[in-house]
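Single-letter residue listing:
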Amino acid sequence: MSVKSYVVYLQNSAVALLTVFGLCVRLSLTVQVGLSNKVLVFPYETDFSFVALVPQKELELRAFTLCMRVATELPEERQIILFAYRTADYDELNVWREKDGRVSFYLRGDGVFFHLPPLTTFRTSLCLTWDSHTGLSAFWVEGKRSTYQVYKPGHTIRPKGSILLGQDPDKHLGDLEAIQSFVGEMTDLNMWDFVLSKSAIHAWNNGHQVPKGNIFDWATIEYELHGNVMVVDDD
Amino acid sequence: MSVKSYVVYLQNSAVALLTVFGLCVRLSLTVQVGLSNKVLVFPYETDFSFVALVPQKELELRAFTLCMRVATELPEERQIILFAYRTADYDELNVWREKDGRVSFYLRGDGVFFHLPPLTTFRTSLCLTWDSHTGLSAFWVEGKRSTYQVYKPGHTIRPKGSILLGQDPDKHLGDLEAIQSFVGEMTDLNMWDFVLSKSAIHAWNNGHQVPKGNIFDWATIEYELHGNVMVVDDD
Amino acid sequence: MSVKSYVVYLQNSAVALLTVFGLCVRLSLTVQVGLSNKVLVFPYETDFSFVALVPQKELELRAFTLCMRVATELPEERQIILFAYRTADYDELNVWREKDGRVSFYLRGDGVFFHLPPLTTFRTSLCLTWDSHTGLSAFWVEGKRSTYQVYKPGHTIRPKGSILLGQDPDKHLGDLEAIQSFVGEMTDLNMWDFVLSKSAIHAWNNGHQVPKGNIFDWATIEYELHGNVMVVDDD
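Predicted, not measured: the structure shown is a model, and the values here were computed from it.

Undergrad: Lay out the pattern of salt bridges in plain terms, naming residues and giving numbers.
TA: Counted according to the given criterion, the structure contains 34 salt bridges over all chains. Where A:Arg102 meets A:Asp100, a salt bridge forms, and the shortest distance between an N and an O atom there is 2.8 Å. In this structure A:Arg102 comes out as partly exposed when scored by relative accessible area, which is 24%. Between C:Asp193 and C:Lys57 there is a salt bridge, and its shortest N-O distance comes to 2.5 Å. With a gap of 136 residues between them, C:Asp193 in the loop between β14 (184–192) and α2 (198–205) and C:Lys57 in the loop between β3 (50–54) and β4 (63–71) connect regions that are remote in the sequence. Among the residues examined, C:Asp193 registers a relative accessible area of 24% and is labelled partly exposed. Here the residues in one salt-bridge network are A:Arg123, A:Glu185, A:Asp234, C:Arg145 and C:Lys198, joined through shared partners.

Undergrad: Pulling in residues and values, what's your account of the pairing of strand β3 (residues 50–54) of chain B?
TA: Sheet faces and side chains relate simply in a regular strand, where the side chains alternate between the two faces. Residues and elements named next belong to chain B. Along β3, four of the five residues are buried, which leaves the element largely enclosed by surrounding structure. Across five bridges, β3 lies against strand β15 (residues 222–226) in antiparallel orientation. Within β15, the residue paired with Leu-53 across the bridge is Tyr-223. Pairing of β3 with strand β13 (residues 162–165), which is carried by three bridges, proceeds in the antiparallel orientation. Its bridge partner being in β13, Ala-52 is matched across the sheet by Leu-164.

Undergrad: Hey, could you go over the relation of the copies chain A and chain B for me, with residue numbers and the actual values?
TA: Between the two copies, chain A and chain B, the superposition gives an RMSD of 0.0 Å; the rotation angle is 91° and the shift along the axis is 0.2 Å. Viewed as a symmetry operation, the transformation between the two copies matches a four-fold axis. When each C-alpha of chain A is compared by its distance to the rotation axis, A:Pro117 comes out closest, at 9.6 Å.

Undergrad: Tell me about the nonpolar core, and please be specific about residues and values.
TA: Residue and element names in this part refer to chain B. With 51 residues, the main nonpolar core has Leu-40, Phe-64, Phe-83, Leu-93, Phe-105, Leu-189 and Met-191 as its most contacted residues. When residues in this core are grouped by element, the largest group, six residues, is from strand β5 (residues 80–86). Aside from chain neighbours lying at most four places away, what touches Leu-40 is Leu-35, Val-51, Leu-165, Gly-184, Glu-185, Met-186, Trp-218, Leu-225, Val-229, Met-230 and Val-231.

Undergrad: How would you summarise the interface of chain A and chain B if you had to cite specific residues and measurements?
TA: Of the residues lining the interface, 21 residues belong to chain A; the matching set on chain B comes to 20 residues. Taking both sides of the interface into account, the surface hidden between chain A and chain B amounts to around 1,600 Å²; carbon and sulfur atoms contribute 58%. On the chain A side of the interface with chain B, the three residues burying the most area are A:Arg145, A:Thr147 and A:Val150, jointly 35% of the side's total. Applying the counting criterion to the chain A and chain B interface returns two salt bridges. Secondary-structure elements contributing two or more residues to the side of chain A that touches chain B are β8 (111–114), β10 (136–141), β11 (144–145) and β12 (149–150) of chain A.

Thresholds applied
- Residues numbered from 1 in each chain as written.
- Chains lettered and ligands numbered in written order.
- Predicted model: local features only at pLDDT ≥ 70, side-chain atom pairs only at ≥ 80, totals over all residues.
- Heavy atoms only, no water.
- Salt bridge = Lys/Arg side-chain N within 4 Å of Asp/Glu carboxyl O.
- Buried < 20%, exposed > 50% of the residue type's maximum accessible area, 1.4 Å probe, protein only.
- Helix = DSSP H or I, 4+ residues; strand = E, 2+ residues; numbered from the N terminus.
- Pairing = 2+ DSSP bridges.
- Least-squares fit on C-alpha atoms with pLDDT ≥ 70 in both.
- Core = buried A, V, L, I, M, F, W, Y, C linked by side-chain atoms within 4.5 Å.
- Contact = heavy atoms within 4.5 Å.
- Buried area = accessible area lost by both parts, 1.4 Å probe.

Any link to function would need more than the numbers given here.
Set out below in structure tokens:
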């Protein structure tokens with residue numbers, strides 16, 4: 001992810017950076033490392049606040065597990081982007097809370113929708129697994145698996161895109177919309193290039209030891225903060 | 001249950017069998033045995049996907065306990081067949097999730113309806129007990145008993161029918177309707193020709209040892225897959 | 001808080017004091033001390049029943065933690081005052097259950113709103129933390145933190161006001177409204193002039209030992225009962 005790519009954002013976010021939260025909000029074109037025991041707080045609805053993540057390896061994926069803990073005060077009928085991975089022309093892997101309250105994910109094209117308990121002001125522990133071989137996909141809420149749905153068997157997620165938290169870029173790092181932005185807290189985001197076992201997801205949910213994420217590992221994650229995003233102690 | 005009986009289905013399901021799920025979907029006129037640690041996944045709404053079960057003994061019953069774990073993404077107002085046992089002219093024992101969200105069962109004729117917590121994308125542990133002597137019937141959700149209802153005391157369920165998961169046959173193995181079909185997951189189906197004690201149902205709910213089902217025992221159950229039904233590891 | 005200030009209330013509450021709860025309702029202009037293992041019961045909707053609290057130190061605050069356990073049968077759409085601290089001209093710190101069910105607090109002016117689980121007939125353990133330095137504010141329900149909201153960073157709560165439970169004074173100890181009054185039970189109210197750690201709030205929630213509140217400590221709290229408020233054993 002080049003420095004150049006973010007210049008467009010800097011113009012938008014310049015005002016936002018002059019804030020009373022000087023202690024917490026940082027303008028950073030430099031990659032920072034590690035969020036152990038930290039929470040990302042997106043305090044307001046904006047079209048310029050996001051966190052760019054640098055993966056440990058390219059997202060050329062035929063299977064994955066994505067986990068995070070997320071909390072939001074946004075109303076139930078509000079669309080919310082939870083994770084966005086985009087290559088130049090395609091949304092490769094987007095996770096949404098939809099307007100109708102369902103949680104969904106999209107691999108290039110039409111998505112698949114799940115009825116989960118609503119996201120609330122309290123932290124929800126959320127994992128998503130998908131395996132191209134069978135197409136079996138499921139969300140895991142507090143370690144409990146949703147009903148499997150069969151989605152895009154045979155599909156491959158393509159590499160060399162950008163990963164954003166907080167905003168949905170409608171083109172490669174552009175066209176952000178406040179109305180889709182994330183407001184609330186995210187922590188403990190981890191990602192693996194395989195499907196974790198049920199017992200490993202239970203362990204992760206309970207804060208126990210699991211294999212470190214080989215795409216993202218929260219403790220050593222590389223990230224860049226843009227706009228109004230605070231990094232606070234998990235307390 | 002004769003092979004001949006299924007020929008009518010083969011015509012309907014021939015297309016479905018040519019699918020990308022070749023690995024999981026099997027065309028089988030041969031009875032398979034045992035589903036220990038396996039889940040049946042009914043991924044789509046169809047009028048041709050079902051699992052036929054072969055009981056260990058005839059269902060000539062004056063009492064029974066039927067248990068299963070079930071999960072579905074189907075909307076609340078959708079009727080869903082959960083278990084169908086039919087002789088030539090009658091639905092002998094059908095279990096439904098009704099359009100109004102109640103769960104019901106029918107022994108030849110009018111049914112009896114229970115207000116239970118909704119079936120969701122997460123697995124619900126569901127048992128049903130009925131005793132002809134008293135007519136006492138109840139559903140048990142996660143080991144908790146519903147209020148008893150008195151239903152058809154003196155009645156006997158008749159033998160020599162067919163048992164289907166996933167579809168409701170309106171005649172003996174015919175007239176399937178997609179709009180009543182099951183979509184989701186079923187596992188751990190067990191059936192006894194007597195009423196299990198409360199403590200036994202609690203034990204079953206918690207995955208502890210109970211008397212093996214003498215009509216159906218999931219670990220050794222005989223079954224035939226038809227149409228798009230996947231057998232996947234319980235993970 | 002002068003004796004003179006309450007004369008206006010005595011006229012209103014004189015009738016109320018002649019009640020069947022004579023044993024429990026006390027007319028007291030004298031400050032009483034300590035509510036260990038006691039619950040305050042506000043049995044009816046009134047515009048004259050309240051409890052005035054005398055703090056151990058002035059509420060000149062740039063941070064605080066306020067905890068209480070609260071139960072109410074009031075309908076969800078009813079506004080309820082949960083805590084009121086008012087100086088001559090301003091509501092310095094008010095905590096409300098709003099008409100729309102959200103829980104809110106106000107520091108001189110516009111408030112901040114949280115979607116929490118509804119208050120019910122069962123006791124809810126509720127804490128509120130706020131830190132002027134960052135503006136980070138949150139409610140804690142049964143020890144679980146809500147999503148942080150950033151609210152009035154840099155603000156200072158001013159000293160020398162009056163603290164009331166049960167009523168919202170629209171001027172310094174005047175203009176009470178039955179329709180905003182509290183009906184139900186309150187107990188274990190404690191307040192600190194700093195933000196308790198997550199582990200301390202968990203401990204408090206579970207009834208374990210925590211640093212004694214240095215503004216209010218339920219075991220040694222100084223209070224005055226007015227109108228129909230009962231002090232009963234927490235049984």
